[in-house]
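Summary of structural features
Chain by chain, the residues:
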Amino acid sequence: MIQKMEHTAIMVQDMERSIQFYCDVLGFNVRLRGRKPGREMAFLYLESQPDMEIELICDVDSAVGYNEDGIVNHLAFTVNDIEAAIGYLKDKRVEFCSDEIKPTLEGGRMILFWGPSQELLQLVERVNN
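Residues numbered from 1 in each chain as written. Predicted model: local features only at pLDDT ≥ 70, side-chain atom pairs only at ≥ 80, totals over all residues. Heavy atoms only, no water.

**With respect to the overall build of the protein**
Short version of the rule: Numbering of helices and strands starts at the N terminus; helices are DSSP runs of H or I of at least 4 residues and strands are runs of E of at least 2. When accessible area is computed with a 1.4 Å probe and restricted to protein chains, residues below 20% of their type maximum are described as buried, those above 50% as exposed, and intermediate ones as partly exposed. Only heavy atoms enter the contact rule, under which two residues are in contact if any of them lie within 4.5 Å. The accessible surface values rely on the Shrake-Rupley method and a 1.4 Å probe; as for residues, cover is taken only from the protein chains in view.
Of the regular secondary structure elements, the protein holds two helices and eight strands. Listed N to C, the secondary structure of the protein is β-α-β-β-β-β-α-β-β-β in terms of helices and strands. The buried share of the protein, reckoned over its 129 residues, is 39%. Excluding contacts between residues fewer than 6 apart, the proportion of contacts in the protein whose partners are at least 24 apart in sequence is 47%. Accessible surface computed for the protein: about 8400 Å², of which carbon and sulfur atoms make up 49%.

This is how it looks when you write it as structure tokens:
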């Protein structure tokens, strides 16, 4: 029945700022950007994984309003070298939840950081990259 993961949606406060962060800092590309009544959306992808996307949603109608409550807890990104990735993101003034790299259940390593709308993001270095 289910063929693949399609996308993860993230509510954002500022579409321009969010697109800049995901594209310029994290390396995503915009596939599609548009508006519906009361809402602006953008679909972003990575060249290395074009069939899994992030959907950014910004409510532009004040009657709808930005919703900070959501069911999705975080979005994780695989990296080859977690220390190098942390250094790169710190150079871009990205705020981390802590300075401590923690172990994953599989024996890898991970760290959490914040996106521009305070969305929780994670870097994961797997055991066998």
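**Some words on the sheet that holds strand β6 (residues 102-103)**
How we decide: The criterion for strand pairing is that DSSP finds at least two bridges linking the strands in question. As a rule, the C-alpha atoms of each element are fitted with a line to give its axis, helices using only the stretch in contact, and angles between N-to-C directions run from 0 to 180 degrees.
Read across the open sheet, the four strands follow the order β5-β8-β7-β6; overall the sheet is mixed. One side of each edge strand has no neighbouring strand; the edge strands of this open sheet are β5 (75-78) and β6. Across six bridges, the pairing between strand β7 (residues 109-114) and strand β8 (residues 120-125) is antiparallel. Residue pairing in the sheet places Met110 in a bridge with Val124 of β8. Each of β7 and β8 touches helix α2 (residues 82-91); the most contacted strand, β7, lies at about 15° to it.

**Some points on the pattern of salt bridges**
To keep things clear, this is the line we draw: Put simply, a salt bridge is a Lys or Arg side-chain nitrogen that is within 4 Å of an Asp or Glu carboxyl oxygen.
Going through the model one piece at a time under the given rule, you end up with 10 salt bridges. Glu6 is the partner of Lys4 in a salt bridge, and the nearest nitrogen-oxygen pair spans 3.2 Å. Residue Lys4 is classed as partly exposed on the basis of its relative accessible area, which comes to 42%. Glu6 gets classed as partly exposed once you look at its relative accessible area, which sits at 43%. Arg109 is the partner of Glu83 in a salt bridge, and the nearest nitrogen-oxygen pair spans 2.8 Å. Note that Glu83 is positioned in helix α2 and Arg109 in strand β7, a separation of 26 residues in sequence. Residue classification places Arg109 among the partly exposed residues on the basis of a relative accessible area of 26%. Taken together, the salt bridges that share partners define one network made up of Glu16, Arg33, Arg35 and Glu40.

**Observations regarding helix α1 (residues 15-25)**
Short version of the rule: What qualifies as a polar contact is a pair of N or O atoms within 3.5 Å, subject to a donor-acceptor requirement within protein and to the restriction that residues adjacent in sequence count only when both atoms come from side chains.
The set of residues buried in α1 consists of Met15, Ser18, Ile19, Phe21, Tyr22, Cys23 and Val25. Regarding α1, its N-cap is Asp14, as a side-chain oxygen of that residue lies 3.1 Å from the backbone nitrogen of Glu16 further along. Just downstream of α1, Gly27 is the residue with a positive phi angle, here 90°.

**Things to note about the pairing of β8**
Among the six residues that make up β8, six are buried, leaving the element largely enclosed by the rest of the structure. Covered by surrounding structure in β8 are Leu120, Gln122 and Val124 together with Leu121, Leu123 and Glu125, the residues of both alternating faces. Here β5 pairs with β8 via four bridges, running parallel. Its bridge partner being in β8, Leu75 is matched across the sheet by Leu121. Between β7 and β8, which follow one another and run antiparallel, lie five residues, and Gln118 among them has a positive phi close to 65°.

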